[in-house]
Amino acid sequence: MAVPGGAARPGAEVVQLNVGGKRFSTSRQTLTWISDSFFSSLLSGRISTLKDETGAIFIDRDPTVFAPILNFLRTKELDPRGVSISLLLHEAQFYGITPLVRRLQLREELDRSSCGSVLFNGYLPPPVLPAKRRNRHSVAGPQIVARLPASTDRAPVRRSNTMPPNLGNAGLLGRLLEDRSLAAASEPGAVRIVCGHHNWIAVAYAQFLVCYRMKETSGWQQVFSSPRLDWVIERVALNAKVLGGALGDHDKMVAVASCNEIILWALQADGNGSEIGVFHLGVPVEALFFVGNQLIATSHTGKIGVWNAVTKHWQIQDVVPINSYDAAGTFLLLGCNNGSIYYVDVQKFPLRMKDNDLLVTELYRDPTEDAVTALSVYLTPKTSDSGNWIEIAYGTSSGVVRVIVQHPETVGSGPQLFQTFTVHRSPVTKIMLSEKHLISVCADNNHVRTWTVTRFRGMISTQPGSTPLASFKILSLDDLDGPAGCGAGTDIGPFGERDEQQVFIQKVVPDACQVFVRLSSTGKRICEVRSVDAAPITAFTVHECEGSSRIGSRPRRYLFTGHANGSVQMWDLTTAMEMLGKPPETGGLTEDELLRQLDQCDLALTGPPGPPRPPNTSLRSQGPNRGDTPSPSPPTPKLCGEPLGGPPQPRYRGAEGDPPFSGGPRGGGSFVERCQELAQRLGPPDHPETPRFGGKSKTFRPTPPRRPPNSAPPPTAPPRTLPPPGPPPTANALPIVPLVTPKSRLNETSF
């Protein structure tokens, strides 16, 4: 019989293999010592073979990965030889090398944990599907409810007073409603959008919304769940706190939008919510957000809708087609298709609502009148009584990046052109101007260019000016419309406050269960985040939550990832940023060390440790029988809980022939009681004049009389002394005094 895994015996059959064009020679015993492997089936005829011109069996696999697999079959030892462990595992599974598969899987399981890494901060399970929303009303007019269609039925189209009655299913809105209603059936339980504000987050699913609030004592708790809607949610806006707001606690609001319809809820302090109203923009809603307590909806077609929390009024204003927007304080800036930047003073909305005028004012026009496709506003710290400097960076459809500055003293003359960069050859899709960096992203596979910004007393300076810093790409192969037709949930960023370091979130493939967090300024990877339950990531966002009320606490930045199974997982990016500049600490086993350790055992007979087993026997029954030879010297004290052995006897009395007990476990009874038992075990001293415990010599008695401490010890009398050490007592002898005795028989002051 051949030895499994050993070298071929003289005379054994030699097998010639051609793996991916490379020749290998080995023995039949080496290939077939695993009975259910690919090679056993191949050489037994259960799998048809293909031979080359020399008669070697051809296997169309990678020869580089096959070499360490063949070496494992020969020696039962694994030498990866620079091959990726994941690739080696894939090939081992193909060949059916079960011992090698177990070894490699164990190595991967040690690297991954269902509890996540040190950055994992929390897990929110999928919520319960709410009841369907029944009573609907609209501030814009009556609506016909659109229901989820069956697999073969077409969705009826809702009509409103903003749609011409003759469009029907042929209209643009009708087709959008039908397509997006059908999309709800594909991934109804997947997270579509996650957004945050202060210590709240809103999680949007296909047809309902859930809000969570974070408290210092109880963590994240679900506080609101919307009813199940008739259409698929595409946009979400959350307003959890307005400092100095006119509505106080009623400033907490959440809104969702689909196509041209918007639903707004008010969130109460006890977690309940009430529907404020249903609003219509008349055109598809491209952006939905809050500025203070004003809900704003914009569309690329050139409409802007505003709902004011004080006046309870919904207002629609026509402007030129809108490509981008940003908010700074109470100002809303709009980048438009005609090359102009408009601003709206949101604080003055209530003053001019009745005049049907939103005070939309042109702020700046691009010199070449290219469409403004990206916009970012930075308000400098207040440096004078006149106000703040307003710095605006914007990108155009031609790839130009410009920076304009508005001085407080020159408000009437408008902003001045400060810098121009022509480094992109595709339209600019994102731009961010912060305290230290200028970041722009173009449509060429998310190509990023960054510059350092020089400031003097908080204001942007031309000496030495903006310096080029980095150029990199955030490659993402996700669909443009995102999962189930929503791209708002997979925005790459940049995320973060403008006075801190910002980050990009990169998800490379659509069904990936991991994302990469990268610095927005240099592209350097901060960390890799992998789902703890291997569920694909369908949405993500970065949000900074307020710290606790304790002194020294500070806000912490978190990454929230929504998954296809409906769960939300949280990751601590503040810790990741702090660990970025520190050298990695060595600990645990390296990959090679782990594989060498696994080579020393048979993984088929081993497994991970399970829960501790409950004891099924008593300590007395588990103890081994002790020897019968008495020892002249006191034995070594037993460990706590060690059994004394022998048949049931009075406490601490061993079997016949056991040596005298000394010390023993610190079981029940007080210190005085244990000392009495010890004295009875030891017996009287051989030399009364020599103290046994230090101090004057004394003889322990069951009832010691009180005497002066300096008096001489009384003479030893046979009736009053304990029996000398000798053979163990017989059955007719008096029993040994048990450990638990009345405390009056020994006084602590007697010794």
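Residues numbered from 1 in each chain as written. Predicted model: local features only at pLDDT ≥ 70, side-chain atom pairs only at ≥ 80, totals over all residues. Heavy atoms only, no water.

Student: I tried to follow the sheet that holds strand β14 (residues 294–298) on my own but got confused; where do I start?
Tutor: What links the strands of a sheet is backbone hydrogen bonding, and the strands pair in either a parallel or an antiparallel sense. Taken in spatial order, the 4 strands line up as β13-β14-β15-β16 in an open sheet, and their pairing is antiparallel. Strand pairing shows two members of the sheet lacking a second neighbour, β13 (287–291) and β16 (313–318), which therefore form its edges. Each strand of the sheet is rotated relative to its neighbour by a mean of 20 degrees, with strand direction disregarded. Here β14 runs beside strand β15 (residues 303–308); their pairing, made up of 5 bridges, is antiparallel. Its bridge partner lying in β15, I296 is registered against V306. (Pairing = 2+ DSSP bridges. Helix = DSSP H or I, 4+ residues; strand = E, 2+ residues; numbered from the N terminus. Axes fitted to C-alpha atoms, helices over the stretch in contact; angles between N-to-C directions.)

Student: Even after reading the chapter, I still don't get the packing of helix α3 (residues 63–75) against helix α4 (residues 85–95), so can you show me in this structure?
Tutor: In a pair of packed helices, the angle between the axes and the distance between the axes together describe the arrangement. At a closest axis distance of 10 Å, the pairing of α3 and α4 adopts a crossing angle of 70 degrees. Considering the angle they form, α3 stands roughly perpendicular to α4. Note that α3 runs across α4; the crossing there is right-handed. From α3, V65, F66, P68 and I69 reach across to α4, where they touch L87, L88, E91, A92 and Y95. Of the residues contributing to the contact of α3 with α4, the split by class is 8 nonpolar, no polar and 1 charged. (Parallel < 35°, antiparallel > 145°, perpendicular 65-115°, else oblique. Left-handed = near helix turned anticlockwise from the far one by under 90°. Contact = heavy atoms within 4.5 Å. Nonpolar A, V, L, I, M, F, W, Y, C, P; charged D, E, K, R; others polar.)

Student: What is the right way to look at the pattern of salt bridges in this model?
Tutor: Charged atoms that come close allow side chains of opposite charge to pair. Under the criterion given, the structure shown has 14 salt bridges. A salt bridge links D230 to K132; the shortest N-O distance between them is 3.9 Å. Of the two residues, D230 sits in the loop between β8 (219–225) and β9 (235–239) while K132 sits in the loop between β4 (120–124) and α6 (172–183), which places them 98 residues apart along the sequence. Given a relative accessible area of 3%, D230 falls into the buried group. According to the relative accessible area criterion, K132 is partly exposed, its value standing at 29%. (Salt bridge = Lys/Arg side-chain N within 4 Å of Asp/Glu carboxyl O. Buried < 20%, exposed > 50% of the residue type's maximum accessible area, 1.4 Å probe, protein only.)

Student: Please explain the environment of Y95 as it appears in this structure.
Tutor: Among the secondary structure elements, Y95 is positioned in helix α4. With 26 residues separating them in the primary sequence, Y95 and I69 have C-alpha atoms 9.0 Å apart. Once residues within four sequence positions are removed from consideration, Y95 is found in contact with V19, S37, F38, F39, I59, R61, F66 and I69.

Student: Even after reading the chapter, I still don't get the sheet that holds strand β20 (residues 360–365), so can you show me in this structure?
Tutor: Taking strand neighbours across the sheet as the criterion, the 4 strands line up as β17-β18-β19-β20 in an open arrangement whose pairing is antiparallel. Looking along the sheet, the strands with just one partner apiece sit at the ends: β17 (322–328) and β20. Adjacent strand axes in the sheet meet at a mean angle of 25 degrees, parallel and antiparallel pairs treated alike. Of the strand pairs in this sheet, β17 and strand β18 (residues 331–336) are connected by 6 bridges, and their pairing is antiparallel.

Student: Looking at this model, I keep getting lost on unusual backbone geometry. Mind explaining?
Tutor: The phi angle of most residues is negative, glycine excepted, and most peptide bonds adopt the trans form. With an omega of 10 degrees, the peptide bond between G493 and P494 qualifies as cis. With a phi angle near 55 degrees, C259 is a residue other than glycine that sits in the positive phi range. Position of C259 relative to the elements: it lies in the loop between β10 (253–258) and β11 (261–267).

Student: Got a minute to help me understand the pairing of strand β21 (residues 372–379) in this structure?
Tutor: The two faces of the sheet receive side chains in turn, since in a regular strand these alternate between them. For β21, the buried fraction is high: 6 of the 8 residues fall into the buried class. Two strands pair when backbone bridges link them, and β21 and strand β22 (residues 390–396) are joined in this way by 7 bridges, in the antiparallel orientation. Its bridge partner being in β22, V372 is matched across the sheet by T396.

Student: Can you walk me through helix α8 (residues 573–580) in this structure?
Tutor: The periodicity of an α-helix, 3.6 residues per turn, causes residues three or four positions apart to be oriented the same way. Of all the positions in α8, only L573, T574, T575 and A576 are classed as buried. For α8, the elements touching its buried residues are β31 (503–506), β32 (514–519), β33 (525–530), β34 (537–545), β35 (556–563) and β36 (568–572). Sitting at the head of α8, D572 places a side-chain oxygen 3.1 Å from the backbone nitrogen of T574. (Polar contact = N/O pair within 3.5 Å; in protein donor to acceptor, adjacent residues only side chain to side chain.)

Student: Teacher, can you tell me more about a nonpolar patch on the surface here?
Tutor: Taken together, L475, L477 and V509 make up a surface patch of nonpolar side chains, about 240 Å² in accessible area. Within the secondary structure layout, L477 lies in the loop between β30 (467–473) and β31. (Patch = residues over 30% accessible without salt bridge, like charges linked within 9 Å, V, L, I, M, F, W, Y side chains within 5 Å. Areas by Shrake-Rupley, 256 points an atom, 1.4 Å probe, with all protein chains shown as cover.)

Student: Looking at this model, I keep getting lost on the nonpolar core. Mind explaining?
Tutor: Most often, soluble globular proteins keep nonpolar side chains buried together rather than apart. Grouped together as the largest cluster of nonpolar side chains are 30 residues, with contacts concentrated most on L17, F39, Y95 and I97. Taken together, the elements giving at least two residues each to this core come down to β1 (14–19), α2 (38–43), β3 (57–59), α3, α4 and α5 (98–111). No other element matches the 7 residues that α3 contributes to this core. Core analysis: the next-biggest nonpolar cluster, separate from the first, contains 21 residues, W231, V236, V256 and W265 among them. (Core = buried A, V, L, I, M, F, W, Y, C linked by side-chain atoms within 4.5 Å.)

Student: Help me understand the environment of G487 in this model?
Tutor: Residue placement: G487 occurs in the loop between β30 and β31. C-alpha of G487 to C-alpha of E234: the two residues are 253 residues apart in sequence and 8.3 Å apart in space.

Student: In this structure, what is going on with the packing of aromatic side chains? I would like to understand it.
Tutor: Two descriptors summarise a pair of aromatic rings, namely the distance from one centre to the other and the angle between the planes of the rings. Within this structure, the stated rule accounts for 20 aromatic pairs. Between F39 and Y95 the ring centres are 5.1 Å apart and the planes differ by 15 degrees, which places this aromatic pair in the stacked class. Taken together, the positions of F39 in helix α2 and Y95 in helix α4 put the pair 56 residues apart, joining distant regions of the chain. Pair check on accessibility: F39 and Y95 agree, each one buried. (Phe/Tyr/Trp six-rings, centres within 6.5 Å; stacked < 30°, edge-to-face > 60°.)

Student: Where do I start with the environment of G489 in this structure?
Tutor: Within the secondary structure layout, G489 lies in the loop between β30 and β31. G489 gets classed as buried once you look at its relative accessible area, which sits at 1%. Residues contacting G489, with those up to four places away along its chain left out, are R192, I193, A539 and F540.

Student: Help me understand the side chain of Q502 in this model?
Tutor: Assignment of secondary structure puts Q502 in the loop between β30 and β31. Among the polar contacts made by the side chain of Q502, one reaches the main-chain carbonyl oxygen of G496 at a distance of 3.2 Å. The contact partners of Q502, leaving out residues within four places of it in the chain, are M432, S434, I439, P494, F495, G496, E497, R518, L519, S520 and R557.

Student: Can you walk me through α4 in this structure?
Tutor: Along α4, the residues that are buried comprise I85, L88, L89, E91, A92 and Y95. Seen end-on, α4 carries its buried residues on one side only, within an arc spanning 165 degrees. One or two residues past the end of α4 sits G96, with phi positive at roughly 70 degrees. (Arc of directions from axis to C-beta.)

Student: Could you clarify how one ought to interpret the confidence of the model for the chain in this entry?
Tutor: As a note on interpretation, predicted positions should not be read in detail where pLDDT is low. Chain-level pLDDT for the chain is 74 on average; 62% of the residues reach the 70-or-more range. Segment residues 1–8: pLDDT under 50, and 11 contacts once partners within four positions in sequence are set aside and those in other chains are kept. Confidence drops under a pLDDT of 50 for residues 689–700, and excluding neighbours within four residues, the segment shows 21 contacts in the predicted structure. (pLDDT = per-residue confidence, 0-100.)

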